[in-house]
Amino acid sequence: DVSIVHRRGWEGHTPLEILARRFLENAFMKKSLESKTPRLEDIITSDFWDKVCTLLHAARTGEILEETCSLDAGGLLQTMYAAAAIASENVICPNAIRAMVFYKLSSMMEEEIIEEYQRNRNLMFVGIENGVGWYGGLDLLFRRCPNIIYETEKHERLYAFMKAGNMGDLDTCFELLKCSPELVL
């Protein structure tokens, strides 16, 4: 039952808030034990990230995230779904979780993005279709793999700027056009 995602439970917090609090407490405990600041890549385990993405996706869509998303290369697809959730007005998301999503987006590697595209999942289109804006994470994706904007969508044969325009995201459409004005000609 995914309705529990919005329900306030222990001490009046949602499951996502409790998970974020637990994450931060563990990070501070690790910092005090090691006498150095822990790095995010050491703290964000794949199990923790699966839980965060599952909760965010459920809060946004009311559906459980498919298991195939967590099995993709590095969790890229589930990270795009998480970015879509934090962009949604319906999802209450702690700032720590927002920071983690942006961190995960910024740490994507070009090879992984290309690998997803070869699996017929262009992450730029996944983001646009799910409401991720340019400043909500697509700019980070573009910085990691600039050539992704020159690919067309397989079914509709649209470039990313066209898809963003069709979805009504004019900021993303404009920014993509600035990056690739030659596609208009």
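Rules and cut-offs
Residues numbered from 1 in each chain as written. Predicted model: local features only at pLDDT ≥ 70, side-chain atom pairs only at ≥ 80, totals over all residues. Heavy atoms only, no water. Axes fitted to C-alpha atoms, helices over the stretch in contact; angles between N-to-C directions. Helix = DSSP H or I, 4+ residues; strand = E, 2+ residues; numbered from the N terminus. Parallel < 35°, antiparallel > 145°, perpendicular 65-115°, else oblique. Left-handed = near helix turned anticlockwise from the far one by under 90°. Contact = heavy atoms within 4.5 Å. Nonpolar A, V, L, I, M, F, W, Y, C, P; charged D, E, K, R; others polar. Buried < 20%, exposed > 50% of the residue type's maximum accessible area, 1.4 Å probe, protein only. Arc of directions from axis to C-beta. Salt bridge = Lys/Arg side-chain N within 4 Å of Asp/Glu carboxyl O.

Caption draft 1: The arrangement of the packing of helix α3 (residues 46-61) against helix α5 (residues 76-87) in detail. Following both chains from N to C, one finds α3 and α5 inclined at 45°, their axes separated by 8 Å at the closest point. As far as their axial angle goes, α5 and α3 are oblique. You can see that α3 and α5 cross each other, and the crossing is left-handed. Judged by residue contacts, W49, D50, C53, L56, H57 and R60 of α3 engage Q78, T79, Y81, A82, A84, A85 and I86 from α5. Split into classes, the residues belonging to the contact of α3 with α5 amount to eight nonpolar, three polar and two charged.

Caption draft 2: Local environment of helix α10 (residues 160-167). Every buried residue of α10 is listed here: A160, F161, K163 and A164. Along α10, the residues classed as buried sweep out an arc of 160° about the axis, all on the same side. Packing partners of the buried residues in α10 comprise α8 (123-129) and α11 (170-179). Trailing α10 by a residue or two, G168 shows a phi angle of about 85°, which is positive.

Caption draft 3: Examining the pattern of salt bridges more closely. Summed over the entire model, instances satisfying the criterion amount to five salt bridges. The partner of D139 in a salt bridge is R143, with the nearest N and O atoms 3.4 Å apart. Here R143 and D139 lie together in helix α9 (residues 138-144), a separation of four residues that amounts to about one turn. We classify D139 as buried; its relative accessible area is 11%. Salt-bridge contacts for K163 lead to E153; the nearest nitrogen and oxygen are separated by 3.7 Å. In this pair, K163 sits in helix α10 while E153 sits in the loop between α9 and α10, placing the two residues 10 residues apart along the sequence. The structure contains a network of salt bridges with shared partners spanning E129, E153, E156 and K163.

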